[in-house]
Amino acid sequence: MAAAARFDVLVIGSGASGLAAAVSAEKAGARVALAAKGSIQSCNSAKAQGGIQAAFGEDDSPEQHAADVWKSSHETANMELVEILTSEAPSAIHWLEELGVEFTRENGGYRLARCGGATRKRLLQVGDRTGHAITKGLREAWEAGNGTTFDHAPLLELEPSWRARCGEHVIEASTVVLAAGGRCYREAEERGELTTNHPGATGEVTQIALDLGAEARDLDALQYHPNGGAWPENMQGYSIPETTRAYGAVLLNADGEEFTDSLGPRDVVSQAIFDEVEKGKGVESPDGRPAVYLDTTRISAHDAELSLPYMLRRYRAGGIDPLTEKILTYPVLHYQNGGLVIDKDAQTTLEGVYACGEIAGGTHGRNRMMGNSLLECVVFGRRAGRAAARN
Ligand SMILES: Cc1cc2nc3c(=O)[nH]c(=O)nc-3n(C[C@H](O)[C@H](O)[C@H](O)COP(=O)(O)OP(=O)(O)OC[C@H]3O[C@@H](n4cnc5c(N)ncnc54)[C@H](O)[C@@H]3O)c2cc1C
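Rules and cut-offs
- Residues numbered from 1 in each chain as written.
- Predicted model: local features only at pLDDT ≥ 70, side-chain atom pairs only at ≥ 80, totals over all residues.
- Heavy atoms only, no water.
- Near = heavy atom within 4 Å.
- Polar contact = N/O pair within 3.5 Å; in protein donor to acceptor, adjacent residues only side chain to side chain.
- Areas by Shrake-Rupley, 256 points an atom, 1.4 Å probe, with all protein chains shown as cover.
- Buried < 20%, exposed > 50% of the residue type's maximum accessible area, 1.4 Å probe, protein only.
- Helix = DSSP H or I, 4+ residues; strand = E, 2+ residues; numbered from the N terminus.
- Arc of directions from axis to C-beta.
- Contact = heavy atoms within 4.5 Å.
- Expected span 1.5 Å × (residues − 1).
- Patch = residues over 30% accessible without salt bridge, like charges linked within 9 Å, V, L, I, M, F, W, Y side chains within 5 Å.
- Salt bridge = Lys/Arg side-chain N within 4 Å of Asp/Glu carboxyl O.
- Lys, Arg positive; Asp, Glu negative; His and termini not counted.
- Charge placed at Lys NZ, Arg CZ, Asp CG, Glu CD.
- Axes fitted to C-alpha atoms, helices over the stretch in contact; angles between N-to-C directions.
- Parallel < 35°, antiparallel > 145°, perpendicular 65-115°, else oblique.
- Nonpolar A, V, L, I, M, F, W, Y, C, P; charged D, E, K, R; others polar.

## Regarding the site of the ligand
Part 1: For the ligand, the set of nearby residues contains 41 residues, the closest of which are Ser 17, Ser 45, Leu 155, Glu 358 and Ser 373.
Part 2: Here an oxygen atom of the ligand sits 2.8 Å away from a polar atom, N or O, in the side chain of Ser 373.
Part 3: Within the backbone of Leu 374, an N or O atom sits 2.8 Å from an oxygen atom of the ligand.
Part 4: Out of a free accessible area of 1,000 Å², the ligand has 98% covered by protein chains.

Have a look at this one:
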């Protein structure tokens, strides 16, 4: 085996949370290594479309944002983490802007949408490629620094104090940041279901931490995105952005009736769709899959062009124009709500091991609101990186 390479901080994962941690640790003066399972671009974060929440509206506040998270989590979230999430959201957005992320603007301010479970318009967007824009900004900041990247170097083993085997590399570090995302790709494969996730979302890093004695919470709480694409075939497993509903699309059953609040919390909306289909009030896709309608014809062309251009392009390439015909949708496995227990510096219950992003639990309780995951990646990625560097 190769001789060990030595760093102050080792970050596992190159999604938004890992990149935010790596950039922040380096800026704090640490010698940082980042190891990713595949290429550095491969992650769920880059696939995120809809947006990122932050209380910028005149009628809004971090307190209101926190209250919405608490309610959407069905009062299961860790409020200490939630208050950090929502109070640091505006500064996280400004930090991303400093890194070159250009959020969509209108009328002299940010273009804000209301997402499911929210009482205010709070969702910032970069068209409908928000995750792509955020990871690009973070990746460029990381690559402009002096950190070391190990790609195609999956974490295979971690020994206390800390010695990691990442693919063919042995890496020693004083502190480790686990930012390896969730496990919905593996779960979907095991269940024979569709998922929105990238193939690297398999959860083995969580298992490595659990084997070392780390505590976790709500690991059983997996989230279905209410609006997976059901047809055409090229859109199956695609998550139709929640912004379609924010901009007026509604869910309809086979009789054309609205059967739920289309902007309710995600778990409630998904369950309503499952129930409607169970009652025999759903429709079938041409290849026999269960579905209901999402009436996207109610979205104005202006809103669609500004906030849904990528979605429109993809559907039109598949022969369907969502602005002139309703589309077919059904919930799809999407997000791991729970994860490793962390404190306000994102430290796990293992001294010197931090966790941020989808691998961590508590911030969303048992049900996440859309737009809070990218936010969590940036807010707690920064905290994890700074604290890991300090140690
Ligand atoms: C299609 C889609 C749309 C979404 N839309 C939104 C949205 O609009 N707003 C929002 O807030 N959230 C959205 N989400 C959720 C959000 O994007 C993710 O939850 C979040 O970006 C996860 O970031 P992360 O850094 O924790 O993990 P990821 O971005 O998944 O990154 C994990 C990284 O860890 C690496 N990795 C995994 N295992 C190992 C290992 N063994 N060793 C080394 N590296 C490993 C992976 O290769 C990857 O680099 C969406 C998710 C999807 C899939």
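Next comes the rest of the write-up.
## Side note on helix α11 (residues 309-317)
Part 1: Burial in α11 covers these residues: Met 311, Leu 312 and Tyr 315. For α11, the buried positions fall inside an angular range of 100 degrees around the axis, keeping them on one side. Those residues of α11 that are exposed and aimed more than 90 degrees away from the buried face are Arg 313 and Ala 317.
Part 2: Lining the buried residues of α11 we find β12 (222-231), α8 (243-246), α10 (301-307) and β16 (327-336).
Part 3: Positive phi shows up at Gly 319, right after α11, with a value of about 90 degrees.

## Notes on the environment of Ser 285
Part 1: On the secondary structure map, Ser 285 appears in the loop between β14 (283-284) and β15 (290-295).
Part 2: Through-space distance from the C-alpha of Ser 285 to that of Pro 232 is 8.3 Å; in sequence the pair is 53 residues apart.
Part 3: Sequence-distant contacts of Ser 285, defined by excluding residues within four places in its chain, comprise Ala 230, Trp 231 and Leu 328.
Part 4: A polar contact of 2.5 Å, which involves the side chain of Ser 285, links it to the side chain of Asp 287.

## Topic: helix α1 (residues 16-27)
Owing to its 3.6 residues per turn, the α-helix aligns residues three or four sequence positions apart on the same side.
Part 1: Under the 1.5 Å per step criterion, the end-to-end length of α1 is 16 Å for 12 residues, consistent within 8% with the ideal 16 Å.
Part 2: Of all 12 residues in α1, 11 are buried, a share of seventy percent or more.
Part 3: Every buried residue of α1 is listed here: Ala 16, Ser 17, Gly 18, Leu 19, Ala 20, Ala 21, Ala 22, Val 23, Ser 24, Ala 25 and Glu 26.
Part 4: Positive backbone phi, at 100 degrees, marks Gly 29, one or two positions downstream of α1.

## Concerning a negative patch on the surface
Part 1: Together, Glu 63, Glu 80, Glu 83 and Asp 343 give the surface a local cluster of negative charge.
Part 2: Tracing the chain through its elements places Glu 63 in helix α2 (residues 62-72).

## Structural notes on the packing of helix α3 (residues 79-87) against helix α12 (residues 372-390)
Any two packed helices are characterised by how steeply their axes cross, that is the angle between the axes, and by the distance between the axes.
Part 1: Where α3 meets α12, the axes come as close as 9 Å, and the angle between the chain directions of the two elements is 95 degrees. Considered as vectors, α3 and α12 are oriented roughly perpendicular to each other. Note on element contacts: α12 touches α3 through Asn 372, Leu 375, Glu 376, Val 379, Phe 380 and Arg 383, opposite Leu 81, Ile 84 and Leu 85.
Part 2: Its residues placed into classes, the contact of α3 with α12 shows 6 nonpolar, 1 polar and 2 charged.

The analysis is restricted to geometry; functional conclusions fall outside its scope.
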